[in-house]
Amino acid sequence: MSTHAAARVAAPTRREQILREAARLFAERGFHGVGVDEIGAAVGISGPGLYRHFPGKDAMLAELLVGISERLLEGGRLRVSEDAARGDGSPEALLDALIEGHIDFALDDRPLITLHDRELDRLRDTDRKRVRRLQREYVEVWVGVVRALYPALAENEARVTVHAVFGLLNSTPHLARSESRPDARPGREATAALLHRLARGAFAAAAAEPA
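Residues numbered from 1 in each chain as written. Predicted model: local features only at pLDDT ≥ 70, side-chain atom pairs only at ≥ 80, totals over all residues. Heavy atoms only, no water.

Enquirer: Break down helix H7 (residues 125-149) for me, with residues and values.
Expert: Helix length check: H7 (25 residues) gives 37 Å between terminal C-alpha atoms against 36 Å at 1.5 Å per residue, within 8%. The complete set of buried residues in H7 reads Asp 127, Val 131, Leu 134, Tyr 138, Val 139, Val 141, Trp 142, Val 143, Val 145 and Val 146. (Helix = DSSP H or I, 4+ residues; strand = E, 2+ residues; numbered from the N terminus. Expected span 1.5 Å × (residues − 1). Buried < 20%, exposed > 50% of the residue type's maximum accessible area, 1.4 Å probe, protein only.)

Enquirer: Hey, could you go over helix H8 (residues 155-169) for me, with residue numbers and the actual values?
Expert: For H8, built from 15 residues, the straight-helix expectation of 21 Å at 1.5 Å per residue is met to within 8% by its first-to-last C-alpha distance of 21 Å. What H8 keeps buried is the set Ala 158, Thr 161, Val 162, Val 165, Phe 166 and Leu 169. Burial along H8 is one-sided: seen end-on, the buried residues are contained in an arc of 145°. (Arc of directions from axis to C-beta.)

Enquirer: Help me get a handle on the pattern of salt bridges, residues and values and all.
Expert: For the structure shown, the criterion picks out 20 salt bridges. Glu 119 is the partner of Arg 122 in a salt bridge, and the nearest nitrogen-oxygen pair spans 2.4 Å. On the basis of relative accessibility, which here comes to 4%, the residue Glu 119 falls in the buried class. Three or more residues joined by partner-sharing salt bridges are found here, namely Arg 20, Glu 21, Arg 24 and Glu 28. (Salt bridge = Lys/Arg side-chain N within 4 Å of Asp/Glu carboxyl O.)

Enquirer: For the nonpolar core, give the residues involved together with the corresponding values.
Expert: Of all hydrophobic cores here, the largest spans 56 residues; its most connected members are Phe 26, Ile 39, Met 60, Trp 142 and Phe 203. Those elements that provide at least two residues to this core are helix H2 (14-29), helix H3 (36-43), helix H4 (57-86), helix H5 (91-108), helix H6 (110-119), H7, H8 and helix H9 (185-207). (Core = buried A, V, L, I, M, F, W, Y, C linked by side-chain atoms within 4.5 Å.)

Enquirer: So what's going on with the packing of H4 against H5? Which residues, and what values?
Expert: With their axes 10 Å apart at the nearest point, H4 and H5 run at an angle of 155° to one another. One way to sum up the angle between H4 and H5 is to call them roughly antiparallel. As for how H4 packs across H5, the hand of that crossing is right-handed. Of H5, the residues touching H4 (which contributes Ile 68, Leu 72, Gly 76, Arg 79, Val 80 and Asp 83) are Leu 94, Ala 97, Leu 98, Gly 101, His 102 and Phe 105. (Axes fitted to C-alpha atoms, helices over the stretch in contact; angles between N-to-C directions. Parallel < 35°, antiparallel > 145°, perpendicular 65-115°, else oblique. Left-handed = near helix turned anticlockwise from the far one by under 90°. Contact = heavy atoms within 4.5 Å.)

Right under this line is the structure:
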């Protein structure tokens, strides 16, 4: 495939552009602080033109929060299945892969973390329950890998530690923008490496024998 063809394939759709800008604006100013016209202006179309893609802001919010929960779960399961298919994988390498995948999310999709923290309760009950179910399944993917690496760690302790690590990694909205800017690769790479060490340290500490 040519470079130009690859670029065309990778180009975001109009729907993806709308969701990206909606996430940014919702995170910056709150769900009720952003109008449909402003989201439209951010992607270069009229506010009413958005209704060809979404019935309203509520639908955008639901797709953002359900969508990221689905992608995280699918990514976690894919890493587990790829490790199993290789046949010579290790729980340690698989845990590293899970951590790396979540760090990519935490550094590259920070508006979605802010949205989840602030706006999850605005979802319809069915959508909110779906997000929670997907998140529980994602946690269990990690728990299985953690216990394979640290078999002496009780299941409930592994689960608590996974939640704690998610809290650590999902703290990235509090970082300065320059620390994870895509065009500031050394800064992003250093931040990612630090987060990885902290996550691994948390799991090792949980599995250590009490003093």
